[in-house]
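Analysis of the macromolecular model
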Amino acid sequence: MGRKPMVEYSGGVYHLIQRGNNREYIFSRNEDKEFFLELIREVQLRMGFECYGFVIMGNHYHLIFKRHEVPINEIMHRINSQFSRYYNQKNKRTGHVFENRYKGYHVKDDRYLLSLLRYVHQNPVSAKICGHVWEYRWSSDQYYRKNNPLSLVNIDFVLAIFSQDRSQAIPAYCEFMDARQLENQSDFETPDQNETTKKTATPLAPDKKSEQKTSQRTLDELLRAASGDEEIYHAIKSGSRKRFLSTHKKTFILMAIRENYTMRQIGEHISVSEVAIYKMSVKE
């Protein structure tokens, strides 16, 4: 039985992985990587998707795209077919350049996106190609560090998760990306994740989950439940940083994430930055 198609919708963000046929090193030369990036930019201008991140390795690549009107499969078909034509002509060969169909996973929320982007950027470090994320030329990390918004990569969305103030967002981003590897391959490339996207993606047509959204508990209700005490509730709500509140804050954050609130909404509710919300939500 073939792999089920990825559930996707307009406005969704997706992690896309494509490997060379038989794990061949199709990106062994820098000129091939350069052509691939130019190709992505060309397809982006034609098909109107946003790119939040990428890394080009020797035998595979990772992309993080936000699609709009054009479906992911059409975008990926154009990218892969045009690169395959270029690669075969240049190397005077025929046959498949990429293996089978690409893998695609739905990016569930901002917290997942940040972890995924760090995993993507740390691919060269994990492969021992370099010692630090910023040393690798063929990833989107350089676009964020150099604050280059007029380019292939839309850096605004991710940096705004850290701070609306760019002078604070970029250092926070760098600190987050440079942390020693915290993510594993299994966190983002699990074989059955296409199945589980049914639970996390919002389809174009209304579903039972969207119909039940009115029953979602408010952030205030969640905060009161996590606090268990009116004084603790008001202290957290006012932005107090007293240490004894940490456990209650973490409980509230995890409850709010399960109710599908974004890190920005949670942070604004208790006067805490999005990156702090992320750090408190990570499992110990």
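Right above here is the structure, for reference.
Below or above, wherever it landed, is the structure these notes cover. (Residues numbered from 1 in each chain as written. Predicted model: local features only at pLDDT ≥ 70, side-chain atom pairs only at ≥ 80, totals over all residues. Heavy atoms only, no water.)

What the chain contains, in helices and strands, is 15 helices and four strands. In the chain, 71% of the contacts between residues at least 6 apart in sequence involve partners at least 24 apart. A total accessible area of about 15100 Å² is found for the chain, and carbon and sulfur atoms account for 49% of it. (Helix = DSSP H or I, 4+ residues; strand = E, 2+ residues; numbered from the N terminus. Contact = heavy atoms within 4.5 Å. Areas by Shrake-Rupley, 256 points an atom, 1.4 Å probe, with all protein chains shown as cover.)

Okay, the sheet that holds strand S2 (residues 50-56) next. Two orientations exist for strands paired in a sheet by backbone hydrogen bonds: parallel and antiparallel. Across the sheet, four strands lie side by side as S2-S3-S1-S4; this open sheet has antiparallel pairing. Bordering the open sheet on either side are S2 and strand S4 (103-106), each of which pairs with just one other strand. Strand-to-strand, the axes of this sheet are offset by a mean angle of 15°, without reference to chain direction. Set on the sheet, helix H2 (residues 72-90) makes contact with strand S1 (13-19) and strand S3 (60-66); between it and S3 the angle comes to about 140°. (Pairing = 2+ DSSP bridges. Axes fitted to C-alpha atoms, helices over the stretch in contact; angles between N-to-C directions.)

Under the criterion given, the structure shown has 19 aromatic pairs. Relative to Tyr-61, the ring of Phe-27 lies with its centre 6.3 Å away and its plane at 75°, an arrangement referred to as edge-to-face. Here Tyr-61 lies in strand S3 and Phe-27 lies in the loop between S1 and helix H1 (30-47), a separation of 34 residues in the sequence. Ring centres of Tyr-112 and Phe-188 lie 5.4 Å apart, and the angle between their planes is 65°; on these two criteria the pair is classed as edge-to-face. (Phe/Tyr/Trp six-rings, centres within 6.5 Å; stacked < 30°, edge-to-face > 60°.)

By secondary structure assignment, the location of Val-133 is in the loop between helix H4 (123-126) and helix H5 (141-145). Note on Val-133: relative accessible area 4%, which makes it buried. If sequence neighbours within four positions are ignored, Val-133 has contacts with His-121, Gln-122, Val-125, Asp-141, Arg-145, Met-177 and Asp-178. (Buried < 20%, exposed > 50% of the residue type's maximum accessible area, 1.4 Å probe, protein only.)

This next bit is on helix H15 (residues 274-281). Taken residue by residue, H15 has Glu-274, Val-275, Ile-277, Tyr-278 and Ser-281 as its buried positions. The buried residues of H15 occupy an angular sector of 155° when projected down its axis, which confines them to one face. Looking at the buried residues of H15, the elements they touch are helix H3 (110-121), helix H6 (156-162), helix H7 (166-178), helix H13 (246-258) and helix H14 (263-270). (Arc of directions from axis to C-beta.)

Taking 1.5 Å as the rise per residue, H7 with 13 residues should run 18 Å; its terminal C-alpha atoms sit 18 Å apart, in good agreement. Within the sequence span of H7, burial applies to Ala-169, Ile-170, Ala-172, Tyr-173, Cys-174, Phe-176 and Met-177. (Expected span 1.5 Å × (residues − 1).)

Let's shift gears to the pattern of salt bridges. For the coordinates displayed, the defined rule picks out 15 salt bridges. Here Arg-67 and Glu-8 are joined by a salt bridge, their closest N and O atoms 2.7 Å apart. Of the two residues, Arg-67 is situated in the loop between S3 and H2 and Glu-8 in the segment before S1; the sequence distance between them amounts to 59 residues. The class for Arg-67 is buried, based on a relative accessible area of 7%. The class of Glu-8 is buried, set by a relative accessible area of 19%. A salt bridge links Glu-31 to Lys-90; the shortest N-O distance between them is 2.1 Å. (Salt bridge = Lys/Arg side-chain N within 4 Å of Asp/Glu carboxyl O.)

No statement about biological role is implied by the geometric values presented.
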